[in-house]
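Here are the chains, one letter per residue:
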Protein chains: 2
Amino acid sequence: MRWLAEVHVALRPGIADPEGQTIGTALRSLGYETVSEVRSGKLMSISFDADDESAAKAAIGEMCRRLLANPVMEMATWELRAELTDADEAIPA
Amino acid sequence: MRWLAEVHVALRPGIADPEGQTIGTALRSLGYETVSEVRSGKLMSISFDADDESAAKAAIGEMCRRLLANPVMEMATWELRAELTDADEAIPA
C-alpha cells in the first residue's frame, strides 16, 4: 500500500532562526511594520510503500530520526495519509 | 488584531527539485527502497497585525507575491488564524 507523508521540520523553540529573522526584516522594510516573529522550516512530502498504517508510521518516524531532522536543533512532525493507486483498486476487498 | 499565517512555498509541479531528489536518494540508500517522489518546500510562520480577516488575507497574499514566493517557479499556499492576545481579551466586546 502506498502512503504519502508530509513532514514538517522546524527549529526547536529558542534556537536562533537567522533565515526567519531575515524574512521578518525584509517584510518590515517592505512596509509590513507589524510583522513580528517569523519562523522558517521545511516541509517535505514523501511517497513510500508500507503494509499497513502502523508500519507506515514506524517507517516515517524512523526516517525523521535517521535523516530528515537533526534531533539536537530540530523538531519533526508529520501527517500521513494513504494514497490510492490503481493496484489497490484492482484488489477486491 | 494579531494574526498568525502559515505559508507553504513549494516548487511548481514539473519544476526539478534537486533537494527533494537528494533526500529521496539518501532515504533509498538507507534502506527505504520504496520511497519514490520526494518534494521539498518551505513552511514559514508569520505573525502580524491586521484590522480584520479580509485585511489579513490581503496582506498575507501580498507578502507572498512580493517577497515569499517566486511566482515563476514556486507556488504559495497559506493558512491564517487569529491569535488571541491579552490586549484583545481586555477589550469588552
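Thresholds, definitions, all that
- Residues numbered from 1 in each chain as written.
- Chains lettered and ligands numbered in written order.
- Predicted model: local features only at pLDDT ≥ 70, side-chain atom pairs only at ≥ 80, totals over all residues.
- Heavy atoms only, no water.
- Contact = heavy atoms within 4.5 Å.
- Buried area = accessible area lost by both parts, 1.4 Å probe.
- Salt bridge = Lys/Arg side-chain N within 4 Å of Asp/Glu carboxyl O.
- Least-squares fit on C-alpha atoms with pLDDT ≥ 70 in both.
- Pairing = 2+ DSSP bridges.
- Helix = DSSP H or I, 4+ residues; strand = E, 2+ residues; numbered from the N terminus.
- Axes fitted to C-alpha atoms, helices over the stretch in contact; angles between N-to-C directions.
- Buried < 20%, exposed > 50% of the residue type's maximum accessible area, 1.4 Å probe, protein only.
- pLDDT = per-residue confidence, 0-100.
- Parallel < 35°, antiparallel > 145°, perpendicular 65-115°, else oblique.
- Nonpolar A, V, L, I, M, F, W, Y, C, P; charged D, E, K, R; others polar.

## Quick notes on the interface of chain B and chain A
Contact residues are listed per partner, giving 30 residues for chain B and 30 residues for chain A. Taken together, the two surfaces of chain B and chain A that pack against each other cover about 2,600 Å², and 58% of this comes from carbon and sulfur. One can count two salt bridges joining chain B with chain A. Close ionic contact of Glu19 of chain B with Lys42 of chain A constitutes a salt bridge, the shortest N to O distance being 3.8 Å.

## Some details on the relation of the copies chain B and chain A
Aligned on chain A, chain B shows an RMSD of 0.0 Å; the corresponding rotation is 180 degrees and the shift along the axis is 0.0 Å. Read as a symmetry element, the transformation amounts to a two-fold axis. For chain B, the residue whose C-alpha comes nearest the rotation axis is Lys42 of chain B, separated from it by 2.2 Å. Looking at the interface residues of chain B, 100% of them are also at the interface in chain A, so both copies use one shared face.

## Things to note about the sheet that holds strand β1 (residues 2-11) of chain B
Taking strand neighbours across the sheet as the criterion, the six strands line up as β3(A)-β1(A)-β2(A)-β2(B)-β1(B)-β3(B) in an open arrangement whose pairing is antiparallel. Every other strand in the sheet has two partners, leaving β3 (74-83) of chain A together with β3 (74-83) of chain B as the edge strands with one partner each. For this sheet, the mean inter-axis angle between neighbouring strands, taken without regard to orientation, is 20 degrees. In this structure, strand β2 (residues 38-49) of chain A lies alongside strand β2 (residues 38-49) of chain B, joined through nine bridges in antiparallel fashion. For Ser45 of chain A, the partnering residue across the bridge sits in β2 of chain B and is Arg39 of chain B. Contacting β2 of chain A together with β2 of chain B, helix α1 (residues 18-29) of chain B crosses the sheet at an angle of about 125 degrees to β2 of chain B.

## As for the pattern of salt bridges
Residues and elements named next belong to chain A. Enumeration over the complete set of coordinates arrives at seven salt bridges over all chains. Note that Asp49 is salt-bridged to Arg2, the shortest N-O span being 2.7 Å. Remark: Arg2 occurs in strand β1 (residues 2-11) and Asp49 occurs in strand β2; sequence separation between them is 47 residues. A relative accessible area of 35% places Asp49 in the partly exposed class.

## Brief notes about the confidence of the model for chain A
Residues and elements named next belong to chain A. Averaged over all residues, the pLDDT of chain A equals 91, while 90% of them reach at least 70. Between the elements of chain A, mean pLDDT differs from a low of 58, seen in helix α3 (residues 86-90), to a high of 97, seen in helix α1 (residues 18-29). As a predicted assembly, this complex carries a pTM of 0.83 together with an ipTM value of 0.83.

## Some thoughts on the packing of helix α2 (residues 53-68) of chain A against α1 of chain B
For the pair α2 of chain A and α1 of chain B, the least separation of the axes is 11 Å and the interaxial angle reads 110 degrees. Comparing the axis directions of α2 of chain A and α1 of chain B gives the class roughly perpendicular. Of α1 of chain B, the residues touching α2 of chain A (which contributes Met63, Leu67 and Leu68 of chain A) are Ile23, Ala26 and Leu27 of chain B. Considered class by class, the residues forming the contact of α2 of chain A with α1 of chain B number six nonpolar, no polar and no charged.

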